[in-house]
Amino acid sequence: MADEEDPDVPILPDLYKPPALLPIAQLKDQLLYTIETYPVTIVVGATGSGKTTQIPKFCLDAGWCADGKQIAVTQPRRIAATSVAARVAEELGTLLGQRVGYSIRFEDVTSANTQVKFLTDGLLLREMLVDPLLNRYSVIMVDEAHERSLSSDILLSLLKKVLRKRDDLRVVVSSATLEAERFLNFFAPDEGEKVHGKSKEEYGRIVGIQGRTYPVEIQYIIEPTNNYVEAAVDAIMNIHTSESDGDILVFLTGREEIDDTIDLLGDRIADMSSKQQKLLTLPLYAGLPTDAQMFVFQKAPTNTRKVILSTNIAEASVTIDDIVYVIDSGYVKLRTYDARLGIETLNVLPVSQASATQRAGRAGRTRPGKCFRLYTEETYKSLEEATFPEIQRSNLAPVILQLLNLGITNVVRFDYLSPPPSSLITRALDLLYSLGALDIHARLTKPLGTRMAELPLPPQLARTLLSSCAPQFSCVNEMLSICAMLTLQSPVFVAHDGSKAALEAARRRFSVRQGDHLTLYNVFQAFVSSGASVLFCRENALNHKSLVRAVSVRKQLAAYLSRFGVDVSATAVCGPEVLAAGGVPLPERICRCLATGLFAHAARMKGEDGSFVTVDGKTVLWAHPSSVFFHRKAEWVVYTEMLETKGKIYIRDLSSVEMDWLVEYAPEVYRVREGKR
DNA sequence: GAGCACTGC
């Protein structure tokens, strides 16, 4: 499939409506008046209201770029930034990258002429390091703020601070109804106080914009079910036999569940009479190879109804046209962070009301639709109004590192939109201190802490990468590749033709006894040596898209190191023939170097069955089935990630180390433990 | 022994 080469091209654009026909057109004057008069405008607009494309155009028309300043519009996702920019450029009759451009990681399509710039909110945060008051912008619109992502929450907090210093800046926040008041109150000065002469009442307004979507009829289940997979299968068959034409979108929680549902449906389809309209089942989840994802967007053949079984990816990230029926299981898989144990957990949890509404809305994009909720109306009413903000359930170490680097010295009393539990902050500070990023007064160390903050890597990996430049490790080139590989979100090995055996065989081909990190290095090296070949990836059950991305990440990381003054090219000559630095072979130096960043993630192998225990001996951990140590033996290991799912704690990306190394590189942590034993 | 919701720099 051609897509394999170019994964970021939007597959289907949002429903197109001529701008003049959008309800927002009638609000132009009101919107511009509000933006002119108040520092903060909260825009409440449903999907299809045109807010994202039209508001920047209105501001441009009204002269907000007259003095050479730009309008920024942030998006939570890369694909949204690129596709919306393309749309606006077209509407203005300009080439993308000229008056209208976009900027996302690895791609800056802007020029000196760019007046409206779409970018991810994470990237705007990075821009603040260079330009803390964001002086190049006259208007900043934060789109989809109601999703409450980590980066948009932090961005809003920082914009509030910027507004206190700049009375010429205008902030537009796009929100769902539910959060609008909260956002407005957050930005407004306290009762009785004034900012730039403006009181609470004079500081901002909420503007509502009607959407252009079709009505969706909601039906609830009468009797609660304890098996929503079966209930979903029943619902699909009911729609298929008794409702009119139209494709079905089913929200489930994960890959395994989706595969089970497809199997169950297969049995039921086999029972159908041949005269009936056919049913085509299609899975959709992020881990699916790109070519398989594409099927979802193709029109169903004649006399066939499409059923898409999807994870939460179809709730906001991906839009599929022609969906008329939505089936909502009422559940979602969410990642949360347990600060006490330092473990991330992946749990199946009930969705929020906001989420349920968003899912239902996916049925009414092209004509009136129906949504079948596999739970009762009472259950719906008992759901949380909105999903817990990410900032209250995440490992905050990366965020806190970034805040400190922006000069926010007191991260505990920082003005969060929703303050995270103090345990999360304490845990993050402890970790950063142990990694050497902070001193005893919780100040960023120089240059280690500031460099760690700048690198687009989790703190432990940032520390590992910086260690690799030290003479005793001398493995910066290898570590660049390893870190790049570790940042890949989707699995590196995929079953191209559904063949698990081929996948495992390929995995074994690259495996080495030192562990997963060196195995990943081997994969990366082999991929690059193949000339980034698609065929090579097919033959070796590798995800081409991921590996191409790893090449970009590596390049970017290397550029950061050069900026820090590390001569990356000089060590490039350190090939296999120069293996020893101080007499230590390269593989050992790499494992030692990993220990300098991952020491807090150490475990000792317990049995023959892939079980490990933590250093304190209190918690049992299991090698993830993708690990080299699922089959092989080790004594001590460090690992990159720990994740609890279905009651079992798995560790991923393991490498063999020695306890002596841990004591050597993290004496404060391990001498104490040694003494206690 | 048997698994990976979704984003982002």
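Quick caveat, the model's predicted, so the values are computed rather than measured.

## Considerations on the protein's contact with DNA strand B
Taken together, 33 residues sit near DNA strand B, with Arg78, Ala286, Lys333, Phe630 and Thr645 positioned nearest. Sugar and phosphate atoms represent 52% of those atoms of DNA strand B found within 4 Å of the protein. For DNA strand B, a phosphate oxygen lies 2.4 Å from a polar atom in the backbone of alanine 286. Glycine 610 has a polar backbone atom sitting 3.4 Å from a base nitrogen of DNA strand B. At the level of secondary structure, the elements contributing two or more residues to the surface near DNA strand B comprise α4 (121-130), β14 (331-338), α18 (500-510) and β21 (648-657). Looking at the surface near DNA strand B residue by residue, the class counts come to 11 nonpolar, nine polar and 13 charged.

## With respect to the UniProt feature "domain: Helicase C-terminal" (unreviewed entry) in chain A
UniProt marks residues 232-407 with the feature "domain: Helicase C-terminal" (unreviewed entry), using the numbering shown here. As annotated, residues 232-407 has a helix share of 34% and a strand share of 26%, and its two end C-alpha atoms lie 51 Å apart.

## With respect to the packing of helix α19 (residues 516-529) against helix α21 (residues 544-563)
The interhelical angle for the contact between α19 and α21, taken along N-to-C directions, is 95 degrees, at an axis separation of 11 Å. Between α19 and α21, the angle falls in the class roughly perpendicular. Here α19 contributes Val523, Phe524 and Phe527 to the contact with α21, which in turn contributes His544, Leu547, Val548, Ala550, Val551 and Arg554. For the contact of α19 with α21, a count of residues per class yields seven nonpolar, one polar and one charged.

## Some points on the domain arrangement of chain A
Partitioning chain A into structural domains gives domain 1 (4-209), domain 2 (216-390) and domain 3 (455-667). Taken over C-alpha atoms, the centre of domain 1 sits 31 Å from the centre of domain 2. In total, domain 1 and domain 2 occlude about 1,300 Å² of area from one another, counting both sides; carbon and sulfur atoms represent 60% of this. Put simply, domain 1 and domain 2 have zero salt bridges between them. At the level of elements, α5 (150-165) and α6 (177-187) are the ones that each hand at least two residues to the side of domain 1 that touches domain 2.

## Things to note about the UniProt feature "domain: Helicase ATP-binding" (unreviewed entry) in chain A
The feature "domain: Helicase ATP-binding" (unreviewed entry), as annotated in UniProt, sits at residues 32-196 in this numbering. Measuring from the first to the last C-alpha atom of residues 32-196 gives 20 Å, for a span that is 41% helix and 22% strand.

## So, helix α11 (residues 353-361)
Taken together, the buried positions of α11 are occupied by Gln353, Ser355, Ala356, Arg359 and Ala360. The buried residues of α11 occupy one face: seen down the axis, they fall within an arc of 160 degrees.

## Let's talk about the pairing of strand β7 (residues 170-175)
Within a regular beta strand, the side chains point alternately toward one face of the sheet and then the other, so they alternate between its two faces. The buried fraction of β7 is high, at six of six residues. Side chains Arg170, Val172 and Ser174 project from β7 onto one buried face, and the interleaved Val171, Val173 and Ser175 project onto a second face that is buried too. Where strand β1 (residues 40-45) lies against β7, five bridges are found, and the strand directions are parallel. Bridging from a neighbouring strand, valine 40 pairs with valine 171 of β7. Direction of pairing for strand β6 (residues 137-142) relative to β7: parallel, over a ladder of four bridges. Bridging across to β7, valine 142 finds its partner in valine 173. A crossover links β6 with its parallel partner β7, the connecting element being α5, and its sense is right-handed.

## So, the sheet that holds strand β5 (residues 116-120)
Spatial strand order, β4-β3-β5-β2-β6-β7-β1-β8: eight strands in an open sheet with mixed pairing. Edge positions in the sheet fall to β4 (107-109) and β8 (204-209), since each of these pairs with one other strand and no more. Across the sheet, the mean angle from the axis of one strand to that of its neighbour is 20 degrees, orientation sign disregarded. Note: β1 against β8, six bridges, orientation parallel. Residue pairing across strands places glycine 45 opposite isoleucine 209, the latter belonging to β8.

Analysis parameters
Residues numbered from 1 in each chain as written. Chains lettered and ligands numbered in written order. Predicted model: local features only at pLDDT ≥ 70, side-chain atom pairs only at ≥ 80, totals over all residues. Heavy atoms only, no water. Near = heavy atom within 4 Å. Polar contact = N/O pair within 3.5 Å; in protein donor to acceptor, adjacent residues only side chain to side chain. Helix = DSSP H or I, 4+ residues; strand = E, 2+ residues; numbered from the N terminus. Nonpolar A, V, L, I, M, F, W, Y, C, P; charged D, E, K, R; others polar. UniProt positions renumbered as here; feature names shortened; annotations may be inferred. Axes fitted to C-alpha atoms, helices over the stretch in contact; angles between N-to-C directions. Parallel < 35°, antiparallel > 145°, perpendicular 65-115°, else oblique. Contact = heavy atoms within 4.5 Å. Domains from an automatic or database assignment. Buried area = accessible area lost by both parts, 1.4 Å probe. Salt bridge = Lys/Arg side-chain N within 4 Å of Asp/Glu carboxyl O. Buried < 20%, exposed > 50% of the residue type's maximum accessible area, 1.4 Å probe, protein only. Arc of directions from axis to C-beta. Pairing = 2+ DSSP bridges. Right-handed = clockwise from strand over helix to strand, strands pointing away.

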